[in-house]
Structures are given as C-alpha cells and as structure tokens.
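Residue-level listing of the chains:
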Amino acid sequence: GQQVMQIPQYQHVQEGEDFTTYCNSSTTLSNIQWYKQRPGGHPVFLIQLVKSGEVKKQKRLTFQFGEAKKNSSLHITATQTTDVGTYFCAGRRVNYGQNFVFGPGTRLSVLP
Amino acid sequence: NAGVTQTPKFRVLKTGQSMTLLCAQDMNHEYMYWYRQDPGMGLRLIHYSVGEGTTAKGEVPDGYNVSRLKKQNFLLGLESAAPSQTSVYFCASQGQGRETQYFGPGTRLLVL
C-alpha cells in the first residue's frame, strides 16, 4: 500500500487565498523532499528537509518537517495563478537505502 | 547543458511488443532512476542505478529491465509490453552527495 500519503488530493482556491498540503508517512523518515509538477510537465525539486521540526521558507512557500519526522507540510501564502500544479512530497525511509518514496500528490487549481 | 533528456517522447505499442526507453544526462551524475507515473499514484520507482555498470530493483520492477553501460545513459526495456504498462515514464538523475533529483521531460507510453 501507499506508504506516503498526501491530503488533500485536490484543492481549488481563489487567487490570493492560502493553500496547505499535508504529507504523512507510516514510517520514520530520514529526510523529505518536495517537488512541483506543472500540468504536462515534469517534477521540479523545491526543497529538502532533514532535521526534526525544521521549517524552511521560499518566498511565499513555507515547508515544515514534523517533530517525529513522519509528516510534513507545504503552505503557500496568497496563491497566484503561477502556483497551479501538483505538489509531491517524497520521503527517504530510515534503513531503506537512499531511494525516495513519493506521495500521490496534491493538485492545486487557482482561480483568477 | 541539456540536463536530462528522454527518447522517445511518445510511443504506442501493441501488447507483446518490445521497446527501449533511453535516458541521457550530461551532468556527470552517479545516480539515475526510472519512475512511472499513473493518475492518483504519484511516482513509483521501477529501477535505479548508483553508478556505471550497476542496477537495482525499485518498488515496481516486474516487466522491466534496465542497463547502465555508460555513466550518462540509463536504458529501460520492456520485453513484452502489457496494457498495465501504459503510463508516463520519467527518468531522473542525481549527483552523489547532492539532494536534488533532476527529471527528464517524460515518455508517454500507450500499450494497446
């Protein structure tokens, strides 16, 4: 079964509203990455989180890694139409080598 | 730098036919990956390689074979295509000790 889950599956927001997607793993992660995929495009790396409780910001995007290193979130403040796409988390499981397991993604639509 | 390129971009196969997908990277990366992306499933790892001449199974390896004869190329083979292999295939590469996976543009495969 899916070892890394994401909610929600879809999110429609009005431009200017905030957006959050949550990523949950059934096992402890050594680190977690976030990717963005535009419609018809390929995944593009956004960020990696490594430390328990870590918070990183990229302009309007805020990424958090949970204290137990089993969950993470991506928050976008004041969405813009350029934020449209699917956001994936990918976790590297402890003691499972160096590969990442991807979540199913959250598809974000932004209405102008 | 072209980054990661994939050939072909799109292919239609009949059940039982064989084909090879080519991934090439010009960043001198050690690690290379093949993923498949299906609706609602995110990206699932098929096979990967940590260096020239080495390959390993990922999450969903059945029905696929790979080879890494040259560092810059990673080939994915389907010996006898099945409709269940209809998907979008992404190749990615990563430098040793680096956190970013760089994805190719994808190959859309339809098996009839």
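In short, a report on the structure. All values reported here derive from a predicted model rather than from experimental measurement. (Residues numbered from 1 in each chain as written. Chains lettered and ligands numbered in written order. Predicted model: local features only at pLDDT ≥ 70, side-chain atom pairs only at ≥ 80, totals over all residues. Heavy atoms only, no water.)

A look at the environment of Leu111(A)
Residue and element names in this part refer to chain A.
- Inspection of the secondary structure assignment puts Leu111 in strand β11 (residues 106-111).
- Of the residues examined, Leu111 reaches a relative accessible area of 42% and is grouped as partly exposed.
- Expressed as a C-alpha distance, the spacing of Leu111 and Cys23, which sit 88 residues apart in the sequence, is 24 Å. (Helix = DSSP H or I, 4+ residues; strand = E, 2+ residues; numbered from the N terminus. Buried < 20%, exposed > 50% of the residue type's maximum accessible area, 1.4 Å probe, protein only.)

A short note on the side chain of Thr100(B)
- Among the structural elements, Thr100(B) can be located in the loop between β9 (87-94) and β10 (102-103).
- For Thr100(B), the contacting residues outside a window of four places in its chain are Phe45(A), Ser93(B) and Gln94(B). (Contact = heavy atoms within 4.5 Å.)

Description of the state of the cysteines
- Overall, the coordinates contain two disulfides over all chains when judged by the stated rule.
- With its sulfur 2.0 Å from that of its partner, Cys23(A) forms a disulfide with Cys89(A). Measuring handedness by torsion sign, the sulfur bridge of Cys23(A) and Cys89(A) sits at about 75 degrees and is right-handed. Within this pair, whereas Cys23(A) is found in strand β3 (residues 19-25), its partner Cys89(A) is found in strand β9 (residues 85-93), the two being separated by 66 residues in sequence.
- Assessed through its relative accessible area of 1%, Cys23(A) is described here as buried.
- Assessed through its relative accessible area of 0%, Cys89(A) is described here as buried.
- Covalent S-S linkage joins Cys23(B) and Cys91(B), the inter-sulfur distance amounting to 1.8 Å. The S-S bond linking Cys23(B) to Cys91(B) shows a torsion near -75 degrees; that makes this disulfide left-handed. Here Cys23(B), found in strand β3 (residues 19-25), pairs with Cys91(B), found in strand β9; they are 68 residues apart in sequence, far enough to count as distant.
- For Cys23(B), a relative accessible area of 0% translates into the label buried. (Disulfide = S-S within 2.5 Å.)

None of this, on its own, says anything about what the molecule does.
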